[in-house]
Amino acid sequence: MIVVEDLVVKLGDFTLEIPRLEVRDREYLVVMGPSGVGKTVFLLTLAGFFTPMRGRILVNGRNITRYPPEKRGFTLIPQDYGLFPHMTVYENIAFGLEVRGFNKKDVRDRVEWIAEVLEIKNILGKKPRELSGGEQQRVALARALVVKPEIILLDEPFSNLDPRRRAGAREFIKELRKKLGFTAIHVTHDLVDAVELGDRIAYMESGRLLGVYGVEEFLKSPYARPYIDNVKALVKFLR
Amino acid sequence: MLARARGVESFLLTIAIASSIIVFFLLSPIIALFLMLDPRVFRESWFTDPVLSSEAWSALFLTIQASLLSTTVLCILSIPLAYLLARKSFLGKQVVEGLIDIPLMIPHAVAGIMVLVAYGRRGVLGWLTSSLGVAVDDSFWGIVAVMMFVSAPIMVDTLKLGFKSIDESIELVARSLGGSLWTVFRRITLPLSIPSILTGYILSWARAVSEVGAILIVAYYPKTINVLVIEWFNTYGLRYAVSLSIVLVLLSLIVFIATRMVFRK
């Protein structure tokens, strides 16, 4: 379990405040909120790229607040997937294993295993620029999951996909969760992503985490209102 | 529709004429150099006259040696600085950036004076360069120091732009996957910077080879090819200076064309 307690991060005039957040094992937590409220800052703080001025981050009771990013086991998937352009898909996926000191055989076995699970065995020799958006996303997930992280941190991973591919990507992640059962925090401002994927939804405004809700509970909350109104307006227009 | 097409045509024609003028302006001196070349003087300068050819070849080798050494040392030393300037904010960063660009703005002779008063035997740091055996007055090390000084802004600025062009999120991902700062620099940042390192190297090398004013002040001897061009021009006249200059032009053309071909691949 990952617990965030009384976390405060100051970046110039901006302050991020997370009074308390618990992410259970194998939970898929979606973080929602308007643009610019600090969702990405929150993910980068969890990943170890910003130092909090107060508060703690605990992983199964172990305080990792001051750990450097490479020692946390929190793997990041940014908006554009952050694939290493000079490496093949195989090398991209192998990177995390190699820097952790796995021997060549173990690296090969694990890369082949995750490539099998994510159905990307046929593209292992390709460079990222040769891949479609969907394939890039799968490679990013494979690279993040192959190291068996404590949690994966996804920062709006569907934002570059068109609506049809977006629906496919959601289904793919749901299937993957059934197969591998990983823990994740997924930042989005898309209500459909949140409702379809999230076990629970955390809501942020003005740099502060306002609460964590079950999906139905969130839909009934005033925070979901603007998103639902948008959907209603669309439905009304279609009628 | 027709009027619009005519507008496009006249615009493109104007652009083409303006471009031709600048290309003609740059190409003319190169062509003129070849037209002015006297094959007999060229043979004499580079092959048949033992005194002249020995002087020419040693000046050419010295220039190549000093420029390669200065550019290599500068490249190695500039990578950490350029990375720092591209990735970090710190107090006085703008002052450091301004200092780096100083050699671009000052006259070449002044650059020579500055190097001399800093690293010459009687200079502020003369005790250090003398004790290390790299005193700059009339020495190979003087040529290397001047070449490094004048080409530093080109190297640092090119590398800095290269580091800046790498998406930082790639480095963040690599660290979250378990890579230390060193590992990420070695396996991600540096390989992705190779095109800008090569560009910086070639441009700085070209700047180093072309320097003459500052070298005349710091190290007239041993003579680089540029110093020799001036000396032969004053002593033997234009035809002899042309026979030396043409080799430098050919060398630069070969390096630049080869580099462009490599980049295209």
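Procedures and definitions
Residues numbered from 1 in each chain as written. Chains lettered and ligands numbered in written order. Predicted model: local features only at pLDDT ≥ 70, side-chain atom pairs only at ≥ 80, totals over all residues. Heavy atoms only, no water. Helix = DSSP H or I, 4+ residues; strand = E, 2+ residues; numbered from the N terminus. Rg over C-alpha atoms; globule rule 2.2 N^0.38 Å. Buried < 20%, exposed > 50% of the residue type's maximum accessible area, 1.4 Å probe, protein only. Contact = heavy atoms within 4.5 Å. Phe/Tyr/Trp six-rings, centres within 6.5 Å; stacked < 30°, edge-to-face > 60°. Buried area = accessible area lost by both parts, 1.4 Å probe. Salt bridge = Lys/Arg side-chain N within 4 Å of Asp/Glu carboxyl O. Polar contact = N/O pair within 3.5 Å; in protein donor to acceptor, adjacent residues only side chain to side chain. Nonpolar A, V, L, I, M, F, W, Y, C, P; charged D, E, K, R; others polar. Patch = residues over 30% accessible without salt bridge, like charges linked within 9 Å, V, L, I, M, F, W, Y side chains within 5 Å. Areas by Shrake-Rupley, 256 points an atom, 1.4 Å probe, with all protein chains shown as cover. Axes fitted to C-alpha atoms, helices over the stretch in contact; angles between N-to-C directions. Parallel < 35°, antiparallel > 145°, perpendicular 65-115°, else oblique. Left-handed = near helix turned anticlockwise from the far one by under 90°. Domains from an automatic or database assignment.

The subject of this paragraph is the overall build of chain A. Scanning chain A for helices and strands turns up eight helices and 10 strands. Radius of gyration (C-alpha) of chain A: 18 Å, near the 18 Å computed for a compact globule of 239 residues. C-alpha extents for chain A along the principal axes are approximately 55 × 50 × 30 Å. Relative to its full complement of 239 residues, chain A shows a buried share of 51%.

Moving on, we get to the overall build of chain B. For chain B, the count of helices and strands is 12 helices and zero strands. Reading chain B from its N end, one meets helices and strands in the order α-α-α-α-α-α-α-α-α-α-α-α. In terms of its C-alpha atoms, chain B occupies a principal-axis envelope of roughly 75 × 65 × 30 Å. Of all 265 residues assigned to chain B, the portion counted as buried reaches 42%. Once local pairs closer than 6 in sequence are excluded, the contacts in chain B between residues at least 24 apart make up 71%.

Let us now look at the packing of aromatic side chains. All names here are of chain B. Throughout the structure, instances matching the rule amount to 19 aromatic pairs over all chains. Considering the side-chain rings of Phe-163 and Phe-185, the 6.3 Å spacing of their centres and the 35° angle between planes classify their relative orientation as tilted. Separated by 22 residues along the polypeptide, Phe-163 in helix H7 (residues 140-164) and Phe-185 in helix H9 (residues 181-210) bring together distant segments of the chain. Its relative accessible area of 1% is what places Phe-163 among the buried residues.

In this section: the interface of chain B and chain A. In this assembly, 18 residues from chain B lie in contact with 25 residues from chain A. Of the roughly 1,800 Å² buried between chain B and chain A, counting both surfaces, carbon and sulfur atoms make up 67%. A salt bridge links B:Arg175 to A:Glu70; its shortest N-O distance comes to 2.5 Å. Counting the contacts that link chain B with chain A gives five residue pairs in polar contact (both at pLDDT 80 or more). For the side of chain B that touches chain A, the secondary-structure elements that each account for two or more residues are helix H8 (168-176) and H9 of chain B. Ranked by residues supplied to the side of chain B that touches chain A, first place goes to H8(B) with seven residues. Partitioning the side of chain B that touches chain A into residue classes produces nine nonpolar, six polar and three charged.

There is a patch of nonpolar side chains on the surface, built from B:Ile22, B:Val23, B:Phe25, B:Leu26, B:Leu27, B:Ile31 and B:Leu35 and spanning about 740 Å² of accessible area. As for its position among the elements, B:Leu27 is in helix H1 (residues 2-36).

Residues and elements named next belong to chain A. The final tally for this structure, using the stated rule, is 29 salt bridges over all chains. Put simply, Arg-20 and Glu-22 hold a salt bridge, and the shortest N to O gap is 2.7 Å. Note on Arg-20: relative accessible area 43%, which makes it partly exposed. Among the salt bridges present, the one from Asp-162 reaches Arg-165, with a minimum N-O distance of 3.4 Å.

Of all nine residues in helix H1 (residues 39-47) of chain A, eight are buried, a share of seventy percent or more. Looking at H1(A), one finds that the buried residues are A:Lys39, A:Val41, A:Phe42, A:Leu43, A:Leu44, A:Thr45, A:Leu46 and A:Ala47.

Residues and elements named next belong to chain A. At a minimum axis distance of 7 Å, the contact between helix H2 (residues 89-99) and helix H4 (residues 133-145) shows a crossing angle of 25°. Relative to H4, the element H2 lies roughly parallel. Crossing angle aside, the handedness with which H2 passes H4 is right-handed. Here Val-89, Asn-92 and Ile-93 of H2 come into contact with H4, specifically with Val-139, Ala-142 and Arg-143. Per-class residue counts for the contact of H2 with H4 are four nonpolar, one polar and one charged.

Attention now goes to the domain arrangement of chain A. Residue and element names in this part refer to chain A. With domains assigned, chain A is organised as domain 1 (25-51 + 60-73 + 150-239) and domain 2 (82-148). Taken over C-alpha atoms, the centre of domain 1 sits 24 Å from the centre of domain 2. Between domain 1 and domain 2, the contact holds 14 residues from the first and 14 residues from the second. With both chains or domains summed, domain 1 and domain 2 bury close to 1,000 Å², and 73% of this area falls on carbon and sulfur atoms. Ranking the residues of domain 1 by area buried against domain 2 places Ile-152, Phe-172 and Leu-180 at the top, with a combined share of 45%. The tally of links between domain 1 and domain 2 comes to one salt bridge. Applying the counting criterion to the domain 1 and domain 2 interface returns one residue pair in polar contact (both at pLDDT 80 or more). At the level of elements, strand S7 (151-155) and helix H5 (163-180) are the ones that each hand at least two residues to the side of domain 1 that touches domain 2.

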